[in-house]
Amino acid sequence: MKGAPGNIIDMEGRIIGRHKGLHRFTIGQRRGINVPAKEPYYVKSLDMGNNTLEVCFKKDLATKSFEVEKIHWNYDEPENLNRNLSPMQPAEVRDIITQIRYNHKGAHSNLVIKGDSGEVRFHEPQNAVTPGQTAVFYKEDRVLGAGFIK
């Protein structure tokens with residue numbers, strides 16, 4: 001039920017507070033959690049099925065990789081792929097920039113793809129990778145393609 005209050009939990013699964021509805025939050029958000037701690041909490045994940053908000057500290061928000069699905073390429077095939085690979089065999093697109101949200105400057109990464117899905121592997125961990133958002137892949141100033149963060 002949209003707007004229903006629920007539990008706020010930490011990364012160990014302990015209940016540390018209550019929220020007034022998951023629709024008020026997005027991954028990476030800091031404001032509005034209203035649970036006192038030694039440092040600010042950030043939204044780590046939203047569990048719609050259990051109506052639970054999981055929070056963490058900023059240092060715990062970063063991730064080095066994530067899955068992407070429904071990849072669409074702007075070109076016949078992504079740069080640096082071996083043309084002889086079958087669609088079901090994994091291939092790697094190296095040294096690209098992946099942008100994970102509108103105001104994200106993009107980060108150096110590699111993309112391991114299999115069919116229209118794959119895994120982005122950042123060179124340095126990135127904050128607030130959010131399922132449902134679009135990941136856009138660049139080579140220099142050229143858009144190679146995009147997919148949805150899983």
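Note that residues are indexed from 1 along each chain, following the sequence as it is written. At least 70 in pLDDT is required for a residue's local features to be given in this predicted model, at least 80 for side-chain atom pairs to be given and counted, and no such filter applies to totals for whole chains, interfaces and linings, which use all residues. Only heavy atoms go into the side-chain values, all of them from the structure, while hydrogens and water stay out.

Describing the sheet that holds strand E9 (residues 134-139)
- When DSSP finds two or more bridges between two strands, those strands count as paired. Secondary structure counts use DSSP, requiring at least four H or I residues in a row for a helix and at least two E residues in a row for a strand, with both numbered from the N terminus. Taken in spatial order, the six strands of this closed barrel run E5-E8-E7-E6-E9-E10, and their pairing is antiparallel. Between one strand axis and the next, the sheet turns through 45° on average, direction left out of account.
- Bridge analysis of strand E6 (residues 91-99) against E9 gives three bridges, and the strand direction is antiparallel. Residue pairing in the sheet places Gln99 in a bridge with Val136 of E9. Axis lines are fitted to C-alpha atoms, over the contacting stretch for helices. Their N-to-C directions set the angle, which ranges from 0 to 180 degrees.

A few points about the sheet that holds strand E4 (residues 52-57)
- Spatially, four strands are ordered E2-E1-E4-E3 in an open sheet, and the strand pairing comes out mixed. Of all strands in the sheet, those with a lone pairing partner are strand E2 (15-19) and strand E3 (41-47), marking the two edges. Neighbouring strand axes in the sheet, compared pairwise and without regard to direction, differ in orientation by 30° on average.
- Relative to E2, strand E1 (residues 6-9) runs antiparallel, the two sharing four bridges. The residue of E2 that forms the bridge with Gly6 is His19.

A few points about the confidence of the model for the protein chain
- pLDDT is a per-residue confidence score from the predictor, ranging from 0 to 100. On average, residues of the protein chain carry a pLDDT of 89, and 89% of them reach 70 or more.
- Here E6 stands out as the least confident element of the protein chain, with mean pLDDT 92; E1 is the most confident, with 98.

Quick word on the nonpolar core
- Within this scheme, the nonpolar core is defined by two criteria: the residues are buried Ala, Val, Leu, Ile, Met, Phe, Trp, Tyr or Cys, and they are joined through side-chain atoms within 4.5 Å. Buried residues are those whose accessible area, probed at 1.4 Å on protein chains only, stays under 20% of the maximum for their type, while exposed residues exceed 50% and partly exposed ones sit between those limits. Core analysis: the biggest nonpolar cluster contains 18 residues, and Phe66, Val68, Leu111 and Phe137 have the highest contact counts within it.
- For this core, the secondary structure elements donating two or more residues are strand E5 (63-73), E6, strand E7 (107-114), strand E8 (117-126), E9 and strand E10 (142-149).
- Among the elements that line this core, the one with the most residues is E5, at four residues.
- Throughout, a contact is declared for two residues whenever any of their heavy atoms are within 4.5 Å. Excluding its chain neighbours within four sequence positions, the residues that come into contact with Val68 are Leu111, Ser117, Gly118, Glu119, Val120, Ala135, Phe137, Gly147, Phe148, Ile149 and Lys150.
- Of all hydrophobic cores here, the second largest spans ten residues; its members include Ile33, Val35, Val43 and Phe57.

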